[in-house]
Every structure is written in structure tokens, then in C-alpha cells.
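Topology and contacts: notes
Letter by letter, the chains look like this.
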Amino acid sequence: MDYTPLNKIQDAFDIQTKALREQKLIDIKTRKSALNTLHATIEKYANEICSALSEDLGKSELLVKMTEIGVVLEEINHYIKNMDEWAKPQVVPNFPSPLDYKGRAPVQSFIQHEAFGIVYIIGPFNYPFNLVLSPLVGAIAAGNRAIIKPSEAVPHTAKIIEKIVSEAFAPQHVAVVQGGREENEALLKLPFNMIFFTGSPAVGKIVMKAASEHLAPVVLELGGKSPFIVFSDADLERAADQVVQGRFTNSGQTCIAPDYVLVDSSVKDAFLKKVIEKVQHDYPDVGSTGKVVTTTQVKRLLSLIERTKGTVVYGGGANPEARTLQATVVDGVDWSDSLMEQELFGPVLPILTFKNAEDVPTLVNSHHPNPLAAYYFTNDIENGKRMADLIASGDAVINGVMLQVVSPYLAFGGIGASGMGEYHGRSGYDVFTHKKSIVVAG
Ligand SMILES: NC(=O)c1ccc[n+]([C@@H]2O[C@H](COP(=O)([O-])OP(=O)(O)OC[C@H]3O[C@@H](n4cnc5c(N)ncnc54)[C@H](O)[C@@H]3O)[C@@H](O)[C@H]2O)c1
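Reading the values: rules and limits
- Residues numbered from 1 in each chain as written.
- Predicted model: local features only at pLDDT ≥ 70, side-chain atom pairs only at ≥ 80, totals over all residues.
- Heavy atoms only, no water.
- UniProt positions renumbered as here; feature names shortened; annotations may be inferred.
- Helix = DSSP H or I, 4+ residues; strand = E, 2+ residues; numbered from the N terminus.
- Rg over C-alpha atoms; globule rule 2.2 N^0.38 Å.
- Buried < 20%, exposed > 50% of the residue type's maximum accessible area, 1.4 Å probe, protein only.
- Contact = heavy atoms within 4.5 Å.
- Domains from an automatic or database assignment.
- Buried area = accessible area lost by both parts, 1.4 Å probe.
- Salt bridge = Lys/Arg side-chain N within 4 Å of Asp/Glu carboxyl O.
- Polar contact = N/O pair within 3.5 Å; in protein donor to acceptor, adjacent residues only side chain to side chain.

- As recorded by an unreviewed UniProt entry, the chain carries the name Aldehyde dehydrogenase and is attributed to Acetobacter lovaniensis.
- Checking UniProt for the chain, the heading Sequence similarities (unreviewed entry) contains the comment "Belongs to the aldehyde dehydrogenase family."

Rendered as C-alpha cells:
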């Protein structure tokens, strides 16, 4: 893939800066029309998007239509339906000043959503279409201009994103820059008005540091080790079904995937048997989970499996050159294991146990920074809610997996090391705006 030359990156930014200076406000009618055009252009290239994601990540057409294209189209529809309402100034009570302003008290007070200006959206490789286009929808609806950089690890998808964006938008409004680390570093030196980053905590720190130079606000959508906790009263059949779906979809490369299982030792054997049956059925071969992003990542995962003190009870096969690793389940893992060092981000599922349910929050809270998601399986919903109160995570699901990410009515984002700032639906409109208070004196 051809990367954007550094001078062209500066040009892309200058074009938008000039446009911002000449016409600060993009009216709501123009924003809506841009979103409609984006919707139509995505539909037009749906087949090409599917082919690109099949090449890059071995994703099935069904998976692409559901988790990449469908999610973005739904998000656009939700915005078009609601953005007039969200954009309305919020009228608040007039509050008299404690100082004497010669009787000139407030007669109108309201809060107005103001676009930041030019935002920079940086994407990861794992849901590479959805995770740059969904933030873009919020940014555009809120009245911003944007430059987006898709992940260089998925070149076919990055190319189709560029084709769609350059057909749907003028470069004064939205532009795509292609590149990797060097291009990202060049972009991060520019005085963007806001930066929206999705990726690893390590690069999140680089982004936040760079943003501080220009005091640009940042949203960081990061990852972490998300626990899947099974209590003794859980429906084990359902829990096994959900953990297999959550862990192995997209070869385990989902930010909210369960990263490890923590199961009550009294039901571990029964639960594990069901997990193995399910994996055998759904992912019988090396390659049936799809592709891992690079050969290097397959090798990284294999080296973690090689160093585990646990027992591989299913899987372990791999073909690094073909970027495939078999769905792998490892029993008898403890907190100091190689598989518990960092977010796995691959088709590997370590199984840990606990003896006393009351210890669970301390175990989870003390071994890793705040995860992006936490899953609780129990027949006692109040117990699930209590656990969600005691374990700090970006979001939580009781008796299900990955349901938090699809609703435009829920806010999506991390806490602590798993990120800051939320989006999706209304939250995605709010996060791309400054709340400007305006007062009219009588
Ligand atoms: N919270 C979420 O919504 C969410 C969604 C998807 C992925 N993630 C997280 O993303 C990570 C996986 O994605 P990834 O591997 O693409 O992430 P990554 O951090 O390696 O890359 C993300 C982006 O940063 C750029 N980049 C990489 N290294 C850089 C460097 N040293 N300097 C400057 N820029 C650099 C890349 O070009 C890419 O566009 C996982 O941690 C996962 O949990 C989070």
C-alpha cells in the first residue's frame, strides 16, 4: 500500500484549517446530507468492503455485514433521526450573579454544543472499517472536519475506506491519510482540535503525550484483560456457549472479548467439558476462527502458550505463515502465568478458578489494570450487579457477552488503563463537542 507522503499530510491539514477559518460552522443540514451520502457510498461498496476484510483478516461476509458495515449504517440512521434534537441548545434557569452588574441580570441562559474543529481519528486493525467510520459519524454529526488514519496492518480495508471517504466528502471536510508509525507521528505533531484514538494502551500513551503539546482533548478507546466470571449457580451451558462465541470470533481479536475465564472451582470440570464440546463443534480446524493479523502475532501467541504452566486441553495447532492459530483452551492457569501477563488478543482461552465468591472482586482488581469489559454468569442477578459495582471496568454484561457494544442507547468506553471518553449514539455526539454556555443579560 502506498503511504501518504509527509508533505501531503501537511497539505491535507492545511486545506481543512483554511476551510475552518473561512467557514467555522457547518450547518446541520449540510452535516445530515453528508451522512446520507456516506450511507449511500458504503452501501455502494459493500461487496468491496467484504472482499477487503476477507483478504486482510479472513472475515466471513456475514461477520463483515453484521459487525463492520451494518453497525455503521445503523449508527448513521440513528444520528440522522436524532441529531436535530441533540443539537438544540439546552435552555437552563437564569441564575442571578452574586456581583452587582447594575441590574443587568441574565434573561436567557443556555448550553450549546460547539464542534471542536478538526479532529484526528486513528484506527486499529481488528474491526478496521467500523472503528474509524463509527467515530467519524459522531464527528461529522457534531459539525467537525476530520482526518482519519486507518490501520496499516489491514491494507485492503484501508484502501476501500479511502475510496469511500474521498467519494463521499470534499477534502475540506474529511480526508484519509495512509500510513504507519512514521505517518502517525507526523500527524500527531499537528495542532488538531481533538484526537480520537482506538488501539492499544501502549500507543494510547504516545497519543496522549503528543496531544498535550497542543492541549488537544483526547478520547482513548483501549483494551485490557476482560474477565469472564462463572459463579457456581450459573447456567453452565449458556456460559460455555457465550464464552466460546466471545473469545473466538474474529480469531480472538476483539477489544471486548473475554480474555480469561475465572470459574468457581466446584463447577470447573462440568463447565470446561461444555466449553471443549462447543469449541470442537464451532472451530474444529486450524483456521476456522479466521486469520490472526500477522505472522508475528501468531508467533507471539505460540510463545505464550509454550511458556504456560497450564495444560492445553484443546487446540494449540498453528500455521504462522498462513496467519492461523487453532482455537486453544488452557486449563490450570494461575495469575502468574505467561497467559495472564497482557491482553491476549488472539484465539486462546486460559481457565482460572476461585474457591470463594467473595474473593472475586479483589482477585480481579488486584492483578490487572481496569479492563474494558467484565462478564458475570450467575442465576442471581443481584449478585451480578453487586459484582459489577465492586469491579471497575469500562462496561459489564450479566449472563451474556458483547451485548454492550451494539446499542446506540448505551455509552461505550473504558476506564483507567482501558481508556477515557465514551461514544455510540448520543454519547458519540456529545464527545465530539464542547459544551458552550451562553448568557444574555437583560
Ligand atoms: N476500546 C475499543 O473500542 C477498542 C477497539 C478495538 C481495539 N482496541 C484495542 O486495540 C488494540 C489492538 O489494535 P492495534 O494492534 O491495531 O493497536 P495499535 O495501538 O498497535 O495501533 C493502533 C494505531 O496506532 C498506530 N501506531 C502503532 N504503533 C505506533 C507508534 N509506536 N507510534 C505511533 N502510532 C502507532 C497504528 O498505525 C494504528 O493506526 C488492542 O489493545 C485492543 O484491545 C480497543
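Some details on the overall build of the chain
- Helices and strands together make up the secondary structure of the chain, namely 14 helices and 18 strands.
- Rg of the C-alpha trace for the chain: 23 Å, near the compact-globule value of 22 Å for 442 residues, within the 12% margin.
- When its C-alpha atoms are laid out on the principal axes, the chain stretches across 75 × 55 × 35 Å.
- Per-residue burial over the chain gives 53% buried out of 442 residues.
- In the chain, of all internal contacts separated by at least 6 residues, the share reaching a separation of at least 24 is 73%.

A look at the domain arrangement of the chain
- Each assigned domain of the chain is listed with its residue range as follows: domain 1 (6–222 + 418–441) and domain 2 (227–398).
- Spacing between the C-alpha centres of domain 1 and domain 2 amounts to 32 Å.
- Facing the 12 residues of domain 1 at the interface are 14 residues of domain 2.
- Between domain 1 and domain 2 the total buried area reaches about 1,100 Å² when both faces are included, carbon and sulfur atoms providing 56% of it.
- Linking domain 1 to domain 2 there are 0 salt bridges.
- If you look at where domain 1 meets domain 2, you find 8 residue pairs in polar contact (both at pLDDT 80 or more).

A closer look at unusual backbone geometry
- Phi at Ser251 takes a positive value of approximately 55 degrees, unusual for a residue other than glycine.
- By secondary structure assignment, the location of Ser251 is in the loop between helix 9 (236–248) and strand 9 (260–264).
- For Ser251, a relative accessible area of 0% puts it in the buried group.
- Phi is positive for Phe345, which is not a glycine, with a value near 55 degrees.
- For Phe345, the position within the fold is in the loop between strand 13 (328–331) and strand 14 (348–354).

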